Number of protein chains: 2
Amino acid sequence: MDSIDLRLIELLRENARSSYAELARQVGLSAPAVHERVGKLEAAGTIRGYRAEVDYEALGLGVTALIGIIEDSGADTDDVLTALRAMPEVESCYFMAGVESYQLTVRVGTIAELEQLIVRVNRTPGVASTRTAIALSTKWENRPQPHLG
Amino acid sequence: MDSIDLRLIELLRENARSSYAELARQVGLSAPAVHERVGKLEAAGTIRGYRAEVDYEALGLGVTALIGIIEDSGADTDDVLTALRAMPEVESCYFMAGVESYQLTVRVGTIAELEQLIVRVNRTPGVASTRTAIALSTKWENRPQPHLG
DNA sequence: GGCGGAGGTCGATGGAGTCCATGGTGAAGA
DNA sequence: TCTTCACCATGGACTCCATCGACCTCCGCC
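These numbers come from a predicted model, not from an experiment. (Residues numbered from 1 in each chain as written. Chains lettered and ligands numbered in written order. Predicted model: local features only at pLDDT ≥ 70, side-chain atom pairs only at ≥ 80, totals over all residues. Heavy atoms only, no water.)

**Student:** Just checking my understanding: could you explain the protein's contact with DNA strand D for this structure?
**Tutor:** If you check the shell around DNA strand D, you find 13 residues, and the closest are Ser30(A), Arg37(A), Tyr20(B), Ala21(B) and His35(B). Atoms of DNA strand D within 4 Å of the protein: sugar and phosphate make up 76%, bases the balance. Contacts to DNA strand D include Ser30(A), whose backbone N or O atom sits 2.9 Å from a phosphate oxygen. In this structure, a phosphate oxygen belonging to DNA strand D sits 2.9 Å away from a main-chain N or O atom of Tyr20(B). For the surface near DNA strand D, the leading source of residues is helix 3 (residues 31-43) of chain A, giving four residues. Looking at the surface near DNA strand D residue by residue, the class counts come to seven nonpolar, three polar and three charged. (Near = heavy atom within 4 Å. Polar contact = N/O pair within 3.5 Å; in protein donor to acceptor, adjacent residues only side chain to side chain. Helix = DSSP H or I, 4+ residues; strand = E, 2+ residues; numbered from the N terminus. Nonpolar A, V, L, I, M, F, W, Y, C, P; charged D, E, K, R; others polar.)

**Student:** In this structure, what is going on with the interface of chain A and chain B? I would like to understand it.
**Tutor:** How big an interface is tends to be reported as the loss of accessible area on association of its parts. In this complex, chain A contributes 61 residues to the contact, which on the side of chain B involves 61 residues. Together, the buried faces of chain A and chain B total about 6100 Å²; carbon and sulfur atoms form 52% of this surface. The largest contributions to the chain A side of the interface with chain B come from Arg17(A), Arg51(A) and Trp140(A), which together make up 14% of the buried area. Our enumeration of links across chain A and chain B arrives at five salt bridges. (Contact = heavy atoms within 4.5 Å. Buried area = accessible area lost by both parts, 1.4 Å probe. Salt bridge = Lys/Arg side-chain N within 4 Å of Asp/Glu carboxyl O.)

**Student:** Can you help me understand the sheet that holds strand 4 (residues 102-108) of chain A in this one?
**Tutor:** Paired through their backbone hydrogen bonds, the strands of a sheet run either parallel or antiparallel. As summarised here, the arrangement of the eight strands in space is 2(A)-4(A)-3(A)-5(B)-2(B)-4(B)-3(B)-5(A), forming a closed barrel in which the pairing is antiparallel. Adjacent strand axes in the sheet meet at a mean angle of 35 degrees, parallel and antiparallel pairs treated alike. Bridge count between strand 3 (residues 90-96) of chain A and strand 5 (residues 127-140) of chain B: four bridges; the pairing is antiparallel. Each bridged residue has a counterpart across the sheet, and for Met96(A) the counterpart in strand 5 of chain B is Ala135(B). Helix-sheet contacts for helix 4 (residues 77-85) of chain A involve strand 2 (63-71), strand 3, strand 4 and strand 5 (127-140) of chain A together with strand 5 of chain B, and the interaxial angle to strand 5 of chain B is about 95 degrees. Across the sheet, helix 5 (residues 111-123) of chain B lies against strand 2 (63-71), strand 4 (102-108) and strand 5 of chain B, angled at about 150 degrees from strand 5 of chain B, the strand it touches most. (Pairing = 2+ DSSP bridges. Axes fitted to C-alpha atoms, helices over the stretch in contact; angles between N-to-C directions.)

Written as structure tokens, this is what we have:
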């Protein structure tokens, strides 16, 4: 993990479909060298995958909301997590410090679907209550952080 | 935008580095046809880009937090946004319904850096107060939602 | 029925991905 | 200081992919 690896990660966070030849040009190495470095970063788990970023509105998922969950005192955390994981609308899930044990990012098509999702989450065994905030607009998302390390 | 386009998007959300030939095999078209479809999806803005997903801990960004911002009554929203945008630690920024105008996702290396970031955000003109919640662990993040549309 | 456009396949070619042998560099130990 | 070892970049070779042009097919429309 040297500065070239960091630069490769930075480049791949900007454009994950860059060819190895292009990456090689940018970092001043040969394509095979870059290929091997990237392979090692993937094997080590430093690079976890490559994702296309989409326009959610165009895909009919124009409603983004954040849901905080307060657990029952006797809740089985694994059961709650399993139930949440089974809901495809739940895009991200963090285990938090504080009163709300989980913070979810969810995407649905309509407010009606959001309502149904909230009901489902509230009915999940182990969930005591939820607090939902709706995103009116997304200013930016998953912006790659430059100058790593 | 038909079912093949949706399938292509789904495949690219799972692995953005799939070759056109591989995508073509999966959807049962020729590689040039897939190339053209993907190009159109990019041009239309439906596909906004391709991002490598990384292990933040391995990159020294092991601390994730969510910050809610309450604006001053007389705040210039654009100024606040510009200031937030200039902070590389702010990975995502949503404009919210509710008391807290903005919800940020931030990544830093240490709690000390988080403290400094919170101070900086609080000092930003237009920001009245903030509320920070720390993610103890990330259960999952940016999970691609299957069966779109 | 003929026409035109959108969107597909096929074939060719230049370039990229990837494997392999080679050689250079730096660290550890005699 | 010299040897050895491990690691990694290089350059060549071969395969596969990206991409362009030509043509084909289906459909809606005059």
